[in-house]
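Architecture at a glance
For reference, the chains in residue letters:
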Amino acid sequence: MGLFDKKKCDICGKEKGPLFTFKLEGGIVCDECHDKLSKKKFLKGYSLDDAKKELENISEEKEKLKAVVAEKKEKLSNEPITRYCTKCGQKFSGNFCPNCGTPVNNTATNNVTPASIPSIACPKCGSDNISIQFEEVGSKTKKKKNSIVRSAARGGAIVATGGLWALTPKHDGKEKTKNKLKKFAVCQNCGNSWKVK
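Read on for an overview of the structure. Everything numeric here is computed off the predicted structure, so don't read it as measured data.

Helix and strand counts for the chain come out as three helices and ten strands. When the elements of the chain are put in sequence order from the N terminus, they spell out β-β-β-β-α-α-β-β-β-β-α-β-β. Over its C-alpha atoms the chain spans a radius of gyration of 35 Å, topping by over 25% the 16 Å that the globule rule assigns to 197 residues. Within the chain, residue pairs in contact and separated by at least 24 positions form 41% of the contacts whose partners lie at least 6 positions apart. Total accessible area on the chain stands at roughly 15,800 Å², and carbon and sulfur atoms take up 54% of it. Computing the positive centroid from 39 side-chain charges and the negative centroid from 22, the chain places the two 15 Å apart.

Once that is clear, we can look at a positive patch on the surface. On the surface, Lys140, Lys142, Lys144, Arg150, Lys174, Lys176, Lys178 and Lys180 cluster together to form a positively charged patch. At the level of secondary structure, the elements contributing two or more residues to the positive patch comprise strand S8 (130-144) and strand S9 (174-187). At four residues, S9 tops the list of elements feeding residues into the positive patch. Structurally, Lys144 can be placed in strand S8.

Taken as a whole, the largest pocket holds about 190 Å³ of empty space. Residue lining of the largest pocket: Asn146, Arg150, Ser151, Ala153, Arg154, Trp165, Thr168, Pro169, Lys170 and His171, and that is the complete set.

With that settled, the discussion passes to the pairing of strand S5 (residues 82-85). Residues in a regular strand project their side chains so that they alternate between the two faces of the sheet. As paired strands, S5 and strand S6 (residues 91-93) are joined by three bridges and run antiparallel to one another. Looking across to S6, one finds that Thr82 is bridged to Ser93. Between S5 and the antiparallel strand that follows it, S6, lie five residues; Gly89 among them carries a positive phi value of about 85°.

The next thing to look at is the sheet that holds strand S10 (residues 193-195). Pairing in this open sheet of three strands is antiparallel, and the strands run S8-S9-S10 from one edge to the other. Both edges of this open sheet fall to S8 and S10, since each of them pairs with a single strand only. Direction aside, the axes of adjacent strands within the sheet are offset by 35° on average. Sheet topology places S8 next to S9; 14 bridges connect them, and they run antiparallel. By the bridge assignment, Glu135 is partnered in S9 with Lys182.

The next thing to look at is the state of the cysteines. One covalent bond between the sulfur atoms of two cysteine residues makes up a disulfide. Within the structure shown, the criterion is met by zero disulfides. Just so you know, Cys190 is unpaired, no disulfide at all, and the nearest cysteine sulfur is the one on Cys187, 3.6 Å from it. Accessibility expressed as a relative area gives 34% for Cys190, which makes it partly exposed.

Okay, the nonpolar core next. Cys9, Leu24, Val29, Cys30, Cys33, Leu37, Tyr46, Leu48, Ala51 and Leu55 together form the largest nonpolar core, which totals ten residues. Looking at this core, the elements that each hand over two or more residues are strand S4 (27-30) and helix H2 (48-78). A total of three residues in this core trace back to one element, the largest contributor, which is H2. Among residues more than four places away in sequence, those in contact with Cys30 are Cys9, Cys12, Lys16, Phe20, Thr21 and Phe22.

What follows is about a nonpolar patch on the surface. Taken together, the side chains of Ile120, Ile132, Phe134 and Leu181 define a hydrophobic patch exposed on the protein surface, amounting to about 380 Å² of accessible area. With respect to the helices, strands and loops of the structure, Ile120 is situated in the loop between strand S7 (107-109) and S8.

Looking at chain direction, strand S3 (residues 21-24) and S4 are connected through four bridges and run antiparallel. Among the inter-strand pairings, Thr21 is bridged to a residue of S4, identified as Cys30. Turn length for the S3-S4 hairpin, with the two strands adjacent in sequence and antiparallel, is two residues, and the turn residue Gly26 shows positive phi of about 100°.

Conventions and cut-offs
Residues numbered from 1 in each chain as written. Predicted model: local features only at pLDDT ≥ 70, side-chain atom pairs only at ≥ 80, totals over all residues. Heavy atoms only, no water. Helix = DSSP H or I, 4+ residues; strand = E, 2+ residues; numbered from the N terminus. Rg over C-alpha atoms; globule rule 2.2 N^0.38 Å. Contact = heavy atoms within 4.5 Å. Areas by Shrake-Rupley, 256 points an atom, 1.4 Å probe, with all protein chains shown as cover. Lys, Arg positive; Asp, Glu negative; His and termini not counted. Charge placed at Lys NZ, Arg CZ, Asp CG, Glu CD. Patch = residues over 30% accessible without salt bridge, like charges linked within 9 Å, V, L, I, M, F, W, Y side chains within 5 Å. Salt bridge = Lys/Arg side-chain N within 4 Å of Asp/Glu carboxyl O. 1 Å grid on protein atoms, 1.4 Å probe; cavity = no way out; pocket = protein on both sides within 12 Å on 5 of 7 lines; lining within 4 Å. Points joined across faces, edges and corners; volume = space filled by probe spheres on them. Pairing = 2+ DSSP bridges. Axes fitted to C-alpha atoms, helices over the stretch in contact; angles between N-to-C directions. Disulfide = S-S within 2.5 Å. Buried < 20%, exposed > 50% of the residue type's maximum accessible area, 1.4 Å probe, protein only. Core = buried A, V, L, I, M, F, W, Y, C linked by side-chain atoms within 4.5 Å.

Listed below in C-alpha cells is the structure:
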C-alpha cells in the first residue's frame with residue numbers, strides 16, 4: 001500500500017485519494033459524505049455508526065420536506081386565482097369581472113388592490129404613455145482634510161529620509177460630491193413635462 005493509494009468510503013463506497021478522505025472511529029469517510037455531516041463530526045469519539053445514523057436522519061428529513069412542498073404545490077394549483085378589477089376594484093375569480101365585465105388581461109392578480117397600482121397620466125392630454133427623467137440642478141463637493149497624525153508622519157518621513165520623501169506626491173484628502181436631482185415626468189404623446197415628487 002502506497003501513501004497516495006485510493007481508499008474506499010465506508011458509507012457511499014466511492015474510492016477517493018488520501019486528500020479527500022477523513023478518518024472516523026471505525027472507518028473512513030469521503031469528503032462528500034463528510035461535508036453532509038453536522039459539527040458533531042469534530043467531537044472526540046464520533047464514530048462511523050454515528051455518521052451513518054446522522055446521514056439517514058438527514059435523508060428522512062429531506063423526504064419529509066419534499067412531501068410537504070409537493071402537498072403545498074398541489075393545494076395552490078387547486079385554488080382559483082383571485083383578481084382585482086382595474087375599473088371597478090371588485091375582487092373576483094374567473095375570466096371576467098362579474099360587476100363590470102372587464103376581461104382578465106386588464107386586471108391585477110392576487111393581493112394587488114387597484115389603489116396600489118401606480119399610474120401617472122398627463123394632465124394636458126390624459127395619456128399614460130409617460131417617461132420619468134432626472135435633471136441635475138446642482139452639486140456640492142466636500143473635501144476632507146488630512147489628519148494631524150498623517151501630516152506628522154509625513155514630516156517624520158521627510159526628516160528620516162533626508163528630504164527625499166518630500167519628492168513623493170502629497171495626498172490632499174478625500175473629496176465627496178453630492179448631486180441634487182429633480183424628477184420630471186414627460187408625456188410621450190404631447191411632449192408636456194411637469195415635476196414629480
